[in-house]
Amino acid sequence: MVGDGFKVSNFFPMGYNIPQDRLSPFFLLDYNAPVEFSPTDKPRGVGVHPHRGFETVTFAFQGKVAHHDSTGNSGIIGEGDVQWMTAASGVLHKEYHEAEFARKGGTFHMAQLWVNLPAKHKMETPRYQAIKSADMPEVQLPDGRSRARILAGELFGAKGPAKTWSPIIAATIELGADGKAGFELPAGFNSTILVVDGDAAVINGSEAPVHHLVILANDGTAVEVTSANGATLLVLSGEPLNEPIAAYGPFVMNTMEEIHQAMADVQAGKFGVLAD
Ligand code: MN
């Protein structure tokens, strides 16, 4: 559990000991496969905590997440929406089940990705992108039974709305029954596919069960995905940063000195103020 509201599997960096140079610029992926939460008047979640040096990208598939941070931003991440928060120089924030969802209870299904920032952008002013489902271009795919929604970068001829600090492609592909999609990712990018819904998919000839993560070999650029009974895939692909990583808890920096500085800055109140 992360706090009392997020029942996650950590696919990386802890889960499977995958080398960072095979995942950069992605640093962490926590996946909350669908789980039932009982009704409560006290929303579950995780209380005030800091972040520095990277971005948190929160995907709500089912259920809703409420968010507040020390720069004054707050919002609700609804089903199909994505919150792309650039913590950069530092924010305090808290993440909870949205109040009405908590009162009713129900199925909760989400993911949080941490995107590392290039050294030269780690101390940028924090930025907050609330990207609604409807903000992402939807592309009907040539098989006539599948579609894609583009979050970041360009895929299937459409550009996603998310602003990123290094080249990243992120998209959701909804394969229909007997669906098939082919696409190219840039050579040298690190690429992963999470099967978030539906049935198993076949990714470049290998079966990928639902709620599993596939890391693509980055020795080619062509990807083919199919599914007999339909599946929803989250495609994440990015140019590696190729910079040293020093990470501790909620901080992802380049050196241990910068980690110690981040801790000192939190203590000194430089991340702002946020009430519990
Ligand atoms: Mn957080």
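Look up a bit, the structure's there.
Our subject in this report is the structure included herewith. These numbers come from a predicted model, not from an experiment. Starting afresh in each chain, residues are numbered from 1 along the sequence in its written order. Totals for whole chains, interfaces and linings use all residues, but because this is a predicted model, local features are given only for residues with pLDDT of at least 70 and pairs of side-chain atoms are given and counted only at 80 or more. Only hydrogens and water are set aside; all other atoms, that is, all heavy atoms of the structure, feed into the side-chain values.

### Description of the sheet that holds strand 4 (residues 54-62)
In plain terms, the rule: The criterion for strand pairing is that DSSP finds at least two bridges linking the strands in question. Secondary structure elements are taken from DSSP: a helix is a run of H or I of four residues or more, a strand is a run of E of two residues or more, and numbering for both begins at the N terminus. All axes are obtained by fitting lines to C-alpha atoms, using only the stretch in contact for helices, and the reported angles, taken between N-to-C directions, cover 0 to 180 degrees.
The antiparallel open sheet is built from six strands, whose spatial order is 1-2-9-4-7-10. Every interior strand has two partners, whereas the edge strands, strand 1 (9-12) and strand 10 (127-131), have only one. For this sheet, the mean angle separating the axes of adjacent strands, direction not counted, is 15°. Two elements, strand 2 (residues 26-37) and strand 9 (residues 106-116), share nine bridges in a ladder whose sense is antiparallel. Directly across from F26, in strand 9, lies its bridge partner V115.

### Looking at helix 2 (residues 256-267)
As a reminder of what qualifies: An expected span of 1.5 Å times one less than the residue number is assigned to each helix. The buried label applies to any residue whose accessible area, calculated with a 1.4 Å probe on protein chains only, is under 20% of its type's maximum; exposed applies above 50%, and partly exposed to all values in between. Comment: arc refers to directions from the helix axis out to C-beta atoms.
Here helix 2 contains twelve residues, and its C-alpha end-to-end distance of 17 Å stays within 8% of the 16 Å for a straight helix at 1.5 Å per residue. Listed as buried for helix 2 are I259, A262 and D265. Considered in projection along helix 2, the buried side chains sweep an arc of 125° and stay on one side of the axis. Exposed residues pointing more than 90 degrees away from the buried face of helix 2 are listed as E257 and Q267.

### Comments concerning the coordination of the manganese ion
Defined as follows: With water excluded from the atoms, a metal site may look incomplete; its donors are any N, O or S atoms within 2.8 Å, or within 3.2 Å for Na, K and Ca.
Binding of the manganese ion to the protein goes through H49 (NE2), H51 (NE2), H93 (NE2) and E95 (OE), at separations of 2.1 to 2.4 Å. For the manganese ion, all donor residues lie on one chain, and their spacing in sequence is H-x1-H-x41-H-x1-E. One end of the pair, H51, is in strand 3 (residues 45-51); the other, E95, is in strand 8 (residues 91-97), and 44 residues separate them in sequence.

### Quick word on the pairing of strand 6 (residues 74-77)
Alignment of strand 5 (residues 65-69) against strand 6, held across four bridges, turns out to be antiparallel. Residue pairing for strand 6: V65 is matched across the bridge by I77. Counted along the chain from strand 5 to the antiparallel partner strand 6, the turn is four residues long, and its residue G72 has a positive phi close to 100°.

### Details of unusual backbone geometry
Residue P13 is reached from F12 by a cis peptide bond, and omega for that bond is 10°. For P13, the position within the fold is in the loop between strand 1 and strand 2. With an omega dihedral of 15°, the bond running from S24 to P25 counts as a cis peptide bond. Positive phi, normally seen in glycine, also occurs at D178, with a value near 60°. Position of D178 relative to the elements: it lies in the loop between strand 15 (168-175) and strand 16 (179-184). Under the relative-accessibility criterion, D178 is labelled exposed at 55%.

### Regarding the environment of K180
Heads up, the rule is: Working rule for contacts: check all heavy atoms of both residues, and any pair within 4.5 Å makes them a contact.
Its location among the elements puts K180 in strand 16. A relative accessible area of 47% places K180 in the partly exposed class. C-alpha separation for the pair K180 and D143, spaced 37 residues apart in sequence, amounts to 6.1 Å. If sequence neighbours within four positions are ignored, K180 has contacts with D143, S146, L175, E224, V225 and T226.

### A few points about the pattern of salt bridges
Threshold: Take a side-chain nitrogen of Lys or Arg and a carboxyl oxygen of Asp or Glu: if they are within 4 Å of each other, that pair is a salt bridge.
Taken as a whole, this structure holds seven salt bridges when the rule is applied. Here K104 makes a salt bridge to E100, at a shortest N to O gap of 3.3 Å. With K104 and E100 both in helix 1 (residues 99-104) and four residues apart, this pair spans about one turn of that helix. A relative accessible area of 40% means that E100 is categorised as partly exposed. The residue R147 makes a salt bridge to E138 at a minimum N-O spacing of 3.1 Å. The class for R147 is partly exposed, based on a relative accessible area of 32%.

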